[in-house]
Structure formats: structure tokens, C-alpha cells
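Inside the fold
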Amino acid sequence: MRITLLYATLCLSVCCVPREPEPASIRPVKVTVAAGAASIDKNFAGMATPDDAVNLAFKLSGQVRDIPVAQGESVKKGALLAELDPRDVELQVSATRSAYEEARSQQQRMQRLLEHQAVSRQEAEAAATRYAQARSTYENTLDLLNDTRLRAPFAGVIERKYVANFERVQAGQSVLRLVAPETTTVEFTLPESGLVLLGDTATHFSVTFDNYRGRDFAARLKDYAKTSSDASGFPVSLTVENPDPGRYRISPGMSCTITLRRSDTVTDAVSLPVSAICAPADGGTWVWVVDADNRVERRDVVLGELFGSDRVTILRGVAPGERVVTAGVYRLRDGEKVRILK
């Protein structure tokens, strides 16, 4: 019993000893300095498209006799790409040639008789008309004979073959697709909100290809569609300025990133990383500004537009040069002291 009382007395003595208060922990944070938004960059995924590309087709129907080129093969301008069986057209050429030669002979005979006044001028003129018609028909059938052969309108690569040998095709049916092997054109899709930027002289473009990372190519606006049929955006084409085509070969199908840069029309706006913005589900938008004593102040802000891959413009609420927290923004309290991580 005496031991128990002694133990209890010792415990009370220990519990009554005042403890030193633990120092308040200072939360470490990362900060950034609000920068002026003198220019805004917007990035878009794009792809190189051919400068010259065409689906080749015959002007007349018939059976394909031969396609002497393979898919992926490079061809020169004027090379034979495909031909139809010409027998039906050759028969037409023979018939129209006979009619043409007969009409020519009749016209020459009538001309001689007219010189001797053996026929009337009306008969001679009728013979001349028949001759002109026969010649036109004959020349048209010769053109049809030429049209039984498809030739390359420019040097390029056979991207695709749509038909095979001995297959029957209709007039205008695609037979081959020919594309230029190198290009200076890239295309991307621009949202509706960005259309106004295309008419701004302060808007500039640059292109970075996945194959040539670290090398930016200047580009200029080529054309763009003013309507969007599927509401997915507006197709825009750029012309890439390639200073060294021998070193940087740009081929159709190469993926790239297009950077659209323009001067900001709001001169007093600043830019911050998106990670600095507090925007909880229950409403409100603010950032934490760090003062000279390393204490945070909640500052309501008005957001502008997103640009680049991770930045946003701040129209009101933050001044250039102020320090703003960029990590752990949802754990801070107004007036809390923080430690700046370097």
C-alpha cells in the first residue's frame, strides 16, 4: 500500500511539471515571381501535309491493262503510271481517221472544182464544213487514245494504289494517289476563340517537329477555313521557312507542335503557372502572395486566357514582381508564415 501511494505521488509530480511549448512548424512552399504578359504563347498539335497531292483518274472508262509502279515508289515527272486497254479507242481512231481523210479529199476536190467554177460556192463551203467536223472528231479520238495512259504531273511518291491490273474502272474513278516527297506546309486545328488572332499583325508562328527537337522553324500563315462543319475547330495551314532543306527534310505526315505567339493587348496583365491558382468547387479564385515577412496573403484574382502548356494570364489582383506560391496552395491559411524553397 505504501509503495502504491509513493508511485502515485511521483506520477503527479511528473505531470505537474510545465512543458516547454513546441515551436510552430513553418510550412515550406515553392514560389514564382509574377511576370508581365508582354507576349502569349499557345501550343497546338499539327502535322506536315503535302504541298502537292493529287488523286489521278482516267477520263474514260475501261479495263486497266497495267500499273507499272508500286506503292511507295518514287517517280519522275511524266513517268507512265497506269494505262487502259486501248483496243476500243484504237478502233475509234481508225474509223475517224478514215472519215477525216475522205472529208479532206472531198474538200480538196471541191476547192479545185470551185476554181474552175464547176461547182457552186455553197457546195464547196459545205465540203469545207464536213472536213472541219471530221478533223475535229479525229483529233478528239487521238486525245482519247492519249487519255488511256496516266502520267505523273510532277515528281513524287505513289502514296496509294486504289485499283489492280485488269480491273474495270469508270471515268473519274481514282486509280493512284501521287504526293510530293517534301513539303513546306503544316496544318493544325484552331478553336473558334483563336480566329481573331489570325488577323492580328502581332501574331507570329513557329514550328517544332518531333524529328528535329530543339530546332524551331519560323512559319507564316498560308490559309485557313472560315467555317467548321463538324464544330471541332477551324483548319489552319502554315508555310514553314526551312533555311536548310538538305539537312532538315520535312516530309508529309511528320508530327509537330505549332506555337502561336502574339503581343498581349492587356498591358498590365501578368502571367502565372496554373498550379498557383486556387479554384475550389465551392467557388472563388485566388492566389497566395508572399509578403516581405514571408507571410502569405490571400488575393482574389481575375483570370484571363490559358496559353502555352501550363500558364494563365491574370488580369487583376497581382502585380508584376510579386511572389506567388505555386505548390501546396490548398493547405495554406491567410497570414501563415512560410519558408521559401529554392
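Since the model is a prediction, treat every value here as computed from it, not as a measurement.

About the thresholds
Residues numbered from 1 in each chain as written. Predicted model: local features only at pLDDT ≥ 70, side-chain atom pairs only at ≥ 80, totals over all residues. Heavy atoms only, no water. Helix = DSSP H or I, 4+ residues; strand = E, 2+ residues; numbered from the N terminus. Buried < 20%, exposed > 50% of the residue type's maximum accessible area, 1.4 Å probe, protein only. Axes fitted to C-alpha atoms, helices over the stretch in contact; angles between N-to-C directions. Parallel < 35°, antiparallel > 145°, perpendicular 65-115°, else oblique. Left-handed = near helix turned anticlockwise from the far one by under 90°. Nonpolar A, V, L, I, M, F, W, Y, C, P; charged D, E, K, R; others polar. Pairing = 2+ DSSP bridges. Phe/Tyr/Trp six-rings, centres within 6.5 Å; stacked < 30°, edge-to-face > 60°.

Focus: unusual backbone geometry
In terms of backbone geometry, most residues other than glycine have negative phi values and most peptide bonds are trans. Positive phi is not limited to glycine here, since Q117 has a value of about 60 degrees. Secondary-structure assignment places Q117 in the loop between α2 (87-115) and α3 (121-146). Positive phi outside glycine occurs at N294, with the angle close to 60 degrees. Note on placement: N294 falls in the loop between β19 (286-290) and β20 (296-300). Classification of N294 by relative accessible area gives partly exposed; the value is 24%.

Re the packing of α2 against α3
Between two packed helices, the angle of one axis relative to the other and the distance separating the axes together describe the packing. It is the contact of α2 with α3, at a shortest axis distance of 8 Å, that shows an interaxial angle of 155 degrees. Between α2 and α3, the crossing angle belongs to the class labelled roughly antiparallel. For the pair α2 and α3, the sense of crossing is left-handed. For the contact of α2 with α3, the per-class residue count stands at 16 nonpolar, 6 polar and 7 charged.

Thoughts on the environment of S232
Mapped onto the fold, S232 is located in the loop between β15 (216-224) and β16 (234-240). Classification of S232 by relative accessible area gives exposed; the value is 53%. Put simply, S232 and E192 are 40 residues apart on the chain and 9.0 Å apart in space, counted from C-alpha to C-alpha.

Looking at the pairing of strand β10 (residues 156-161)
In terms of strand pairing, strand β7 (residues 74-75) meets β10 through 2 bridges, oriented antiparallel. Looking at the pairing, V75 lines up with G156 of β10. In the sheet, β10 pairs with strand β12 (residues 174-179) via 4 bridges, with the strands oriented antiparallel. Each residue of the ladder has a partner; that of K161, found in β12, is L176.

Some remarks on the sheet that holds strand β2 (residues 31-33)
One open sheet holds the 4 strands; their spatial order is β2-β23-β19-β20, and the pairing between them is antiparallel. Every interior strand has two partners, whereas the edge strands, β2 and β20, have only one. Ignoring strand direction, the axes of neighbouring strands in this sheet form an average angle of 40 degrees. Judged from the 5 bridges that link them, β19 and β20 form a sheet pairing that is antiparallel. Bridge pairing in β20 places W288 opposite R298.

What about the sheet that holds β7?
Strands pair in a sheet through their backbones, by hydrogen bonds, and they do so in one of two ways: parallel or antiparallel. What the 4 strands build is an open sheet, ordered β5-β12-β10-β7; its pairing is antiparallel. Every interior strand has two partners, whereas the edge strands, β5 (53-57) and β7, have only one.

Observations concerning the packing of aromatic side chains
Scanning the entire structure with this criterion turns up 7 aromatic pairs. Measuring from ring centre to ring centre gives 5.3 Å for Y100 and Y138, while their planes differ by 10 degrees; the resulting arrangement is stacked. Of this pair, Y100 sits in helix α2 while Y138 sits in helix α3; the two residues are 38 residues apart in sequence, bridging distant segments of the chain. Of the residues examined, Y100 reaches a relative accessible area of 13% and is grouped as buried. Between F217 and Y248 the ring centres are 5.4 Å apart and the planes differ by 85 degrees, which places this aromatic pair in the edge-to-face class. With F217 in strand β15 and Y248 in the loop between β16 and β17 (255-263), this residue pair connects regions lying 31 residues apart in the sequence. The exposure class assigned to F217 is buried, which follows from its relative accessible area of 1%. With relative accessibility at 11%, the residue Y248 sits in the buried group. Three or more aromatic residues joined by ring pairs form one cluster here, namely F209, Y212, F217 and Y248.

Everything listed here is a matter of geometry and, on its own, says nothing about what the molecule does.
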